[in-house]
Amino acid sequence: MRRDDGAGPTRQGTITSASFNLLSSMVGGGSLSLPLAFLQAGNLFMAPVILVTTNILAQRSIYLLVKAGVYSSTNSNSDGYHLISRKGNSKYEGMAFEAFGSKARLFSMVLVCTCCFFATIGYAVLLRDMLEPIIDAVVPPPEGAGGGPTLARNGAMVIVVLCITPLTTWKNLTALKNVGMASMAAVLTVGVCVAYRSIECVLSDSDEPTEHFNNLKAFPNSAKELLDSIPLFISSFICHFNVLPIHNELRCPSSDRVRQWVRKSLWSATAFYYFIGFTGSLHAKCTPTGSVSGNVLLDFEEDDLLLLVGRLCLAMTITCAFPMLVVPSRDIILATRFGRYLSLQQ
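Here is what the cut-offs are and how they apply
- Residues numbered from 1 in each chain as written.
- Predicted model: local features only at pLDDT ≥ 70, side-chain atom pairs only at ≥ 80, totals over all residues.
- Heavy atoms only, no water.
- Helix = DSSP H or I, 4+ residues; strand = E, 2+ residues; numbered from the N terminus.
- Areas by Shrake-Rupley, 256 points an atom, 1.4 Å probe, with all protein chains shown as cover.
- Buried < 20%, exposed > 50% of the residue type's maximum accessible area, 1.4 Å probe, protein only.
- Contact = heavy atoms within 4.5 Å.
- Salt bridge = Lys/Arg side-chain N within 4 Å of Asp/Glu carboxyl O.
- Axes fitted to C-alpha atoms, helices over the stretch in contact; angles between N-to-C directions.
- Parallel < 35°, antiparallel > 145°, perpendicular 65-115°, else oblique.
- Left-handed = near helix turned anticlockwise from the far one by under 90°.
- Nonpolar A, V, L, I, M, F, W, Y, C, P; charged D, E, K, R; others polar.
- Patch = residues over 30% accessible without salt bridge, like charges linked within 9 Å, V, L, I, M, F, W, Y side chains within 5 Å.
- Disulfide = S-S within 2.5 Å.
- Polar contact = N/O pair within 3.5 Å; in protein donor to acceptor, adjacent residues only side chain to side chain.

(A) Structural view of the overall build of the protein chain. Along the protein chain, the regular secondary structure elements total 12 helices and zero strands. From first element to last, N terminus to C terminus, the protein chain shows the α and β order α-α-α-α-α-α-α-α-α-α-α-α. Accessible surface, the protein chain: about 17300 Å² in total, of which carbon and sulfur atoms supply 66%.

(B) Summary view of the environment of Cys320. Mapped onto the secondary structure, Cys320 falls in helix H12 (residues 305-345). By relative accessible area, which is 9% here, Cys320 ends up buried. On a C-alpha basis, the gap between Cys320 and Gly28 in space is 9.6 Å, while along the polypeptide they are 292 residues apart. Ignoring anything within four residues of it in the chain, the contact list for Cys320 reads Val179 and Ser183.

(C) Looking closely at the pattern of salt bridges. Using the criterion set out here, one finds nine salt bridges in the structure. Of the charged contacts, one joins Arg197 and Glu200 as a salt bridge, the two residues approaching to 3.1 Å between their closest N and O atoms. Residue Arg197 and its partner Glu200 are located together in helix H8 (residues 177-203), separated by three residues, close to a single helical turn. Of the charged contacts, one joins Asp304 and Arg197 as a salt bridge, the two residues approaching to 2.6 Å between their closest N and O atoms. With Asp304 in the loop between helix H11 (255-281) and H12 and Arg197 in helix H8, this residue pair connects regions lying 107 residues apart in the sequence. For the pair formed by Asp304 and Arg197, the shared burial category is buried.

(D) Molecular detail of the environment of Phe272. By secondary structure assignment, the location of Phe272 is in helix H11. For Phe272 and Val187, which are 85 residues apart along the polypeptide, the C-alpha to C-alpha distance reads 9.4 Å.

(E) Structural detail: the packing of helix H2 (residues 34-41) against H11. Two elements in contact, H2 and H11, have axes separated by 7 Å at closest approach and are oriented at 70°. Taken as axis vectors, H2 and H11 run roughly perpendicular relative to one another. In the packing of H2 onto H11, the handedness of the crossing is right-handed. On H11, the residues touching Leu34, Pro35, Phe38 and Leu39 of H2 are Tyr273, Tyr274, Ile276, Gly277, Phe278, Gly280 and Ser281. Among the residues forming the contact of H2 with H11, the class breakdown is eight nonpolar, three polar and no charged.

(F) Broad picture of a nonpolar patch on the surface. On the surface, Leu44, Phe45, Val49, Leu216 and Phe219 cluster together to form a nonpolar patch covering roughly 450 Å² of accessible area. Along the polypeptide, Leu44 turns up in the loop between H2 and helix H3 (46-72). Of the residues examined, Leu44 reaches a relative accessible area of 48% and is grouped as partly exposed.

(G) How the structure looks around the state of the cysteines. Scanning all chains against the criterion turns up one disulfide. Take Cys116: it sits in no disulfide, and the sulfur closest to it among the cysteines is that of Cys115, at 5.4 Å. Here Cys193 stays unpaired: no disulfide links it, and the sulfur of Cys313, its closest cysteine neighbor, is 6.2 Å away. The exposure class assigned to Cys193 is buried, which follows from its relative accessible area of 5%.

(H) Representation of the side chain of Thr279. Structurally, Thr279 can be placed in helix H11. We classify Thr279 as buried; its relative accessible area is 8%. From its side chain, Thr279 meets the backbone oxygen of Phe275 in a polar contact 2.6 Å long. Beyond its immediate chain neighbours, meaning those up to four positions away, Thr279 contacts Ala195, Ser198 and Tyr274.

(I) Representation of H2 within the structure. Within H2, eight of the eight residues are buried, leaving the element largely enclosed by the surrounding structure. Looking at the packing, one finds that the buried side of H2 touches H3, helix H9 (223-235) and H11. Gly42 occupies a position one or two residues after H2 and carries a positive phi of about 110°.

(J) View of unusual backbone geometry. Positioned with a positive phi, Cys252 is a non-glycine residue whose angle comes to about 45°. On the secondary structure map, Cys252 appears in the loop between helix H10 (243-249) and H11. Given a relative accessible area of 38%, Cys252 falls into the partly exposed group.

This is the structure:
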């Protein structure tokens, strides 16, 4: 990493690289739950309103997080040139310490690590599920295994995780910008596959009688459905564990550039969420229950070649997301164990 006349590592991130890193931290397997959220909340009006509202609130929370991080950072004592050129050192534990003391510092560290740990476990399970049709074609599962774990499925998951593990050793998130671009291309392909099959379903002239609810509606059928949908919208915008690390590497992090970075990232995510949420909710017409699953891919046939491509692309998206989930907790653990040594190295 380049250094700025002995002043420490310099900021290497651009708005584009920062946007891809934030998007790959946020957009992933959770987007497959949005068709259900749109169907529950009302895909014609209420769901888009909740989606945009969540976007605006997420942007505001990120702005406040960045401001608090800069305020608690030692960089605030630097001169103006070093402030915009030297890599930032804003940390969640530093913010917690400034606001609430040493106990809050420890609590924030445990919280970030726990959040990243369980997200990594969840993504690993989803990765195994996405690879299931391919693995079962190569190694037939035992009779009665169903969709549960088998030795072959778990082995394939472990192999993929081990293959992506070297990327978790890179020094910063900016180095992972190409991984983020690949992740976004893959998840966009998933969205296109889901949209194509859903629209094909709506336009089909099948004579088979299928009982279903009206899949185009402006408002939810009940308050329960509305309340059930809101957590799905909120979880789709969770990326805050990587906001400060990405901001620390952003070049010339002025208020305008930070605002441009956040808006570009979140409005891009919102457009994709609306696309997959609305089109995916239309597939309810073709399901026996008149609804869609929490993972919309489960509503399609396993032998559908187009959706097999979608599954593989989602597996790629999940795989590319692993470094984004590991790096924040890795940095906390290293800073706790070797903080003084690392500071001297910089």
